[in-house]
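Reading the structure
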Amino acid sequence: MVKYRRSNWLNRLLLGLGCLVLILITQVSDATTGKTLIVATEPVFPPFEFQSLGGGLQGFDIDVVNAIGQAAGFQVKYQSIPFDGIIPALKAGTADAAVSAMTITPERAKVVSFSRPYFKAGLAIAVAKDNETVKTLDDLQGKAIAAQIGTTGAAMAQKIPDAKVRTFDSAVLALQELSNGNVEAVINDAPVTQYAIKTGNLQDVRVVSQLLTEEYYGIPTALNSPNLELINRGLTTILENGTYAQIYRKWFGTDPPPLPTSAFTPSASATEPASLEALKVITNALPTLLAGAVITLQLTAVSVLFGLILGSLIGIARLSKTLPLRWAARAYIDFFRGTPLLVQIFMVYFGIPAVLKGAGIAFSFDRFAAAVLALSLNSAAYIAEIVRGGIQSIEAGQSEAAQSLGLDAVQTMRYVIFPQAFRRMLPPLGNEFISLLKDTSLVAVIGFEELFRRGQLIVAENYRPFEIYAAVAFVYLVLTLLSSQFFTRLERWMDPVKR
Ligand code: GLN
């Protein structure tokens, strides 16, 4: 028996080793049959790059890069990353190139090298179908505008005087914000907005006819990367042999316009700009980050307050003698504790207005309210369990004694049980407060400019992720250390023996 087991174990080990060797061999053979480039992309930008129903990548950009690889003799391995992470990834060397409908701009050309242009595009304003007031960029002054973080559209929106710009992680979310009626306009790449309208995925939205800019998309690589030559060679081949035109017709139904060989004349040959020292980068960012920290704190304090009220009620309901009440409380806790907070935030902010709109009720969410709602609903579930645990930890003798003194159930809870239970709840409540403080970073997805989002916005401009995110982490650390100090003091203050 023992012998049998051992041989079984040995077999598994051999099988595992066999698999490993196989993987290594295929990798090596890959390397010998040609070069493989890791190409980063953000596949939520149809028709340029998006996921097919089967989960594979498709789109104009994907077809173009595959054709370039074929023409120039390299394999392509795609890597999905957010758009605002592409340039940092190229700088860090985690990707060799990227294809993501990225506009060649002078600012970007200082930190990455671009291939020759492969697509002519431009920015356009999208507004609600019945909006007659917005005709040009000037009409957007002082208005709420949504855009995707780190894009040329966001940069354009930021230049409009007094405009309230909300940035989202993807163009799709920015457009959703418009169709939910929370903003007046979206500034985005025209072909993408037009495609969303044409495919019927975006309703009640129209594009203001005039294009704001003329832009050219390029394939970025790390500065002066040796792969650039390879990519340009492949691109030139497919532009000349008709493959490019064929792909263009497949996606846009017309013949491609002529493309220049370069998007603009670079002022000097691309060299790494004299980079600011890390400390300078951080001190420049600090005022903005601290302003974000204030918002983070406000968000946490208000959410904890509501979470505490709701959580206490639910925690007490959990102990109720009425069965349906107990069940309802249990179901609430299971739902909010058992689903990701991020999903809850999306449901509240994008889901509720969309459903109400579908039912014919006009409703738009204030982002602070939406963030507080999602965070407090979620934290109430955890707080309810803390409250229940605290109350249950008080010995039965206490309430018996209170009742024998003539106190009724509510008085017993209020004067005898709760004050003692609350002291026991303090350490886990402190935990919950600190978790919530960190979880507020998730509301960045609804374009809320708290601490983390401010960091992201700075990185989208200066491409210095390490320094900025280190500074962001440091500010969070200071906030959590201060909160834990506060809770320690509160515990001591509430302790009748130590006070
Ligand atoms: N073309 C725009 C830019 O480069 C948007 C690209 C994108 O969102 N994928 O900023």
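Residues numbered from 1 in each chain as written. Predicted model: local features only at pLDDT ≥ 70, side-chain atom pairs only at ≥ 80, totals over all residues. Heavy atoms only, no water.

**Details of the environment of Gly-351**
Note that Gly-351 resides in helix 12 (residues 341–358). C-alpha of Gly-351 to C-alpha of Ala-328: the two residues are 23 residues apart in sequence and 23 Å apart in space. (Helix = DSSP H or I, 4+ residues; strand = E, 2+ residues; numbered from the N terminus.)

**Considerations on the sheet that holds strand 9 (residues 123–128)**
Ordered in space as 11-10-12-9-13, the five strands form an open sheet in which the pairing is mixed. Of all the strands in the sheet, just strand 11 (164–168) and strand 13 (205–207) have a single pairing partner and so form its edges. Strand-to-strand twist in this sheet, taken as the mean axis angle between neighbours without regard to direction, amounts to 30°. Pairing of strand 9 with strand 13 involves three bridges; the strand directions are antiparallel. Within strand 13, the position partnered with Ala-128 by the bridge is Val-205. (Pairing = 2+ DSSP bridges. Axes fitted to C-alpha atoms, helices over the stretch in contact; angles between N-to-C directions.)

**Notes on the site of the ligand**
Taken together, the residues surrounding the ligand are Phe-45, Phe-83, Ser-100, Ala-101, Met-102, Thr-103, Arg-108, Gln-148, Thr-151, Thr-152, Asp-189 and Tyr-217. Within the side chain of Asp-189, one N or O atom sits 2.5 Å away from a nitrogen atom of the ligand. Protein burial of the ligand: of its 290 Å² of free accessible surface, 100% is covered by the chains. Its atoms largely coinciding with the cavity grid, the ligand occupies the largest cavity. Within the shell around the ligand, the residues separate by chemical class into five nonpolar, five polar and two charged. (Near = heavy atom within 4 Å. Polar contact = N/O pair within 3.5 Å; in protein donor to acceptor, adjacent residues only side chain to side chain. Areas by Shrake-Rupley, 256 points an atom, 1.4 Å probe, with all protein chains shown as cover. 1 Å grid on protein atoms, 1.4 Å probe; cavity = no way out; pocket = protein on both sides within 12 Å on 5 of 7 lines; lining within 4 Å. Sits in = over half its atoms within 2 Å of the grid points. Nonpolar A, V, L, I, M, F, W, Y, C, P; charged D, E, K, R; others polar.)

**Focus on unusual backbone geometry**
Negative phi characterises most residues that are not glycine, and trans characterises most peptide bonds. Between Pro-46 and Pro-47 the backbone carries a cis peptide bond, its omega angle lying at 5°. Considering the arrangement of structural elements, one finds Pro-47 in the loop between strand 2 (44–45) and strand 3 (49–51). Non-glycine residue Asp-204 carries a positive phi angle of around 60°. Secondary-structure assignment places Asp-204 in the loop between helix 7 (190–198) and strand 13. The residue Tyr-463 is not glycine, and still its phi comes out positive at about 50°. If you trace the backbone, Tyr-463 turns up in the loop between helix 16 (451–462) and helix 17 (465–494). For Tyr-463, a relative accessible area of 11% gives the class buried. (Buried < 20%, exposed > 50% of the residue type's maximum accessible area, 1.4 Å probe, protein only.)

**Concerning the packing of aromatic side chains**
We describe a pair of aromatic rings using the distance from one ring centre to the other and the angle between the two ring planes. Under the defined criterion, the tally for this structure stands at 30 aromatic pairs. Pairing Phe-60 with Phe-119 gives two aromatic rings, centres 5.3 Å apart and planes at 65°, and the pair type is edge-to-face. Taken as a pair, Phe-60 in helix 2 (residues 60–72) and Phe-119 in strand 8 (residues 119–121) lie far apart in primary sequence, 59 residues in all. Residue classification places Phe-119 among the buried residues on the basis of a relative accessible area of 2%. Their ring planes at 20° and their centres at 5.3 Å tell us that Phe-119 and Tyr-217 sit as a pair that is stacked. Of the two residues, Phe-119 is situated in strand 8 and Tyr-217 in strand 14 (residues 215–217); the sequence distance between them amounts to 98 residues. Tyr-217 carries the same exposure label as Phe-119, and that label is buried. Taken together, the ring pairs connect Phe-45, Phe-48, Phe-60, Tyr-118, Phe-119, Tyr-217, Tyr-244, Tyr-248 and Phe-252 into an aromatic cluster. (Phe/Tyr/Trp six-rings, centres within 6.5 Å; stacked < 30°, edge-to-face > 60°.)

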